[in-house]
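Below are the chains, spelled out letter by letter.
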Amino acid sequence: MKRTEITIAVNGRAYHRTVEPRTTLVDFLRDELRLTGTHAGCEHGVCGACSVLLDGEPVRSCLMFAVQADRRQVTTVEGLAPGAGELSILQDAFWETHAMQCGFCTPGMLIAGQALLNRTLDPTRDDIVEAIGGNLCRCTGYQQIIEAIELAARRLRAANAPAEPARP
């Protein structure tokens with residue numbers, strides 16, 4: 001089968017690879033780049049476990065071919081952390097509120113939550129429910145996930161609040 005050369009920026013790093021045109025983005029990330037945080041779940045675009053940000057928008061990487069991401073920016077769950085061994089505010093909020101049990105849905109939920117927080121730091125509960133509504137979770141009942149996104153939004157708003165003027 002003919003192979004195609006692609007360049008994809010994943011988590012801020014450019015990768016140049018030759019792939020078969022039928023290689024899905026989730027398989028490329030997991031097998032070629034060894035970024036296994038993106039989970040391969042239903043492989044039909046239903047569960048959301050394979051979600052990544054493509055140019056800042058959440059997509060199902062099982063429904064895309066790697067060649068469709070050529071010359072685009074991909075952020076995986078690994079790319080949410082500010083540095084090695086660190087957690088993002090959202091990841092920390094998931095940990096603190098016990099928003100993960102088996103953990104299978106967690107990468108997709110984090111991607112959905114991050115996409116929402118990239119749009120607004122003041123989401124309503126309905127906004128959060130809608131943002132994660134396309135992701136399946138069989139363990140948490142979603143309550144802790146909603147609480148985690150609310151907590152992260154509060155922390156991000158506080159971090160972005162203007163500093164109080166110095167008193168004389």
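Residues numbered from 1 in each chain as written. Predicted model: local features only at pLDDT ≥ 70, side-chain atom pairs only at ≥ 80, totals over all residues. Heavy atoms only, no water.

### Some points on unusual backbone geometry
Despite not being glycine, Glu43 shows a phi value in the positive range, around 60°. Of note in the backbone geometry, His98 takes a positive phi value of approximately 60° without being a glycine.

### Side note on the packing of helix H3 (residues 106–119) against helix H4 (residues 125–132)
Contact geometry of H3 with H4 gives a least axis separation of 9 Å together with a crossing angle of 135°. In this view, H3 runs oblique relative to H4, as classed from their interaxial angle. Two packed elements cross with a definite hand, and for H3 against H4 that hand is right-handed. For the pair H3 and H4, contact is made by Met109, Ala112 and Leu116 and by Asp127, Ile128, Ala131 and Ile132, respectively. In terms of residue class, the contact of H3 with H4 is made up of six nonpolar, no polar and one charged. (Axes fitted to C-alpha atoms, helices over the stretch in contact; angles between N-to-C directions. Helix = DSSP H or I, 4+ residues; strand = E, 2+ residues; numbered from the N terminus. Parallel < 35°, antiparallel > 145°, perpendicular 65-115°, else oblique. Left-handed = near helix turned anticlockwise from the far one by under 90°. Contact = heavy atoms within 4.5 Å. Nonpolar A, V, L, I, M, F, W, Y, C, P; charged D, E, K, R; others polar.)

### With respect to H3
Since one α-helical turn is 3.6 residues long, residues separated by three or four positions face the same way. Taking 1.5 Å of rise per residue, 14 residues should cover 20 Å, and H3 covers 20 Å from first to last C-alpha, within 8% of that figure. Extensive coverage of H3 is indicated by the burial of 12 of its 14 residues. By the burial criterion, the buried members of H3 are Thr106, Pro107, Gly108, Met109, Leu110, Ile111, Ala112, Gly113, Gln114, Ala115, Leu116 and Leu117. Each element contacted by the buried residues of H3 is listed here: strand E3 (51–54), strand E4 (57–60), strand E5 (73–75), helix H2 (89–96), H4 and helix H5 (143–159). (Expected span 1.5 Å × (residues − 1). Buried < 20%, exposed > 50% of the residue type's maximum accessible area, 1.4 Å probe, protein only.)

Purely geometric stuff here, so don't read any function into it on its own.
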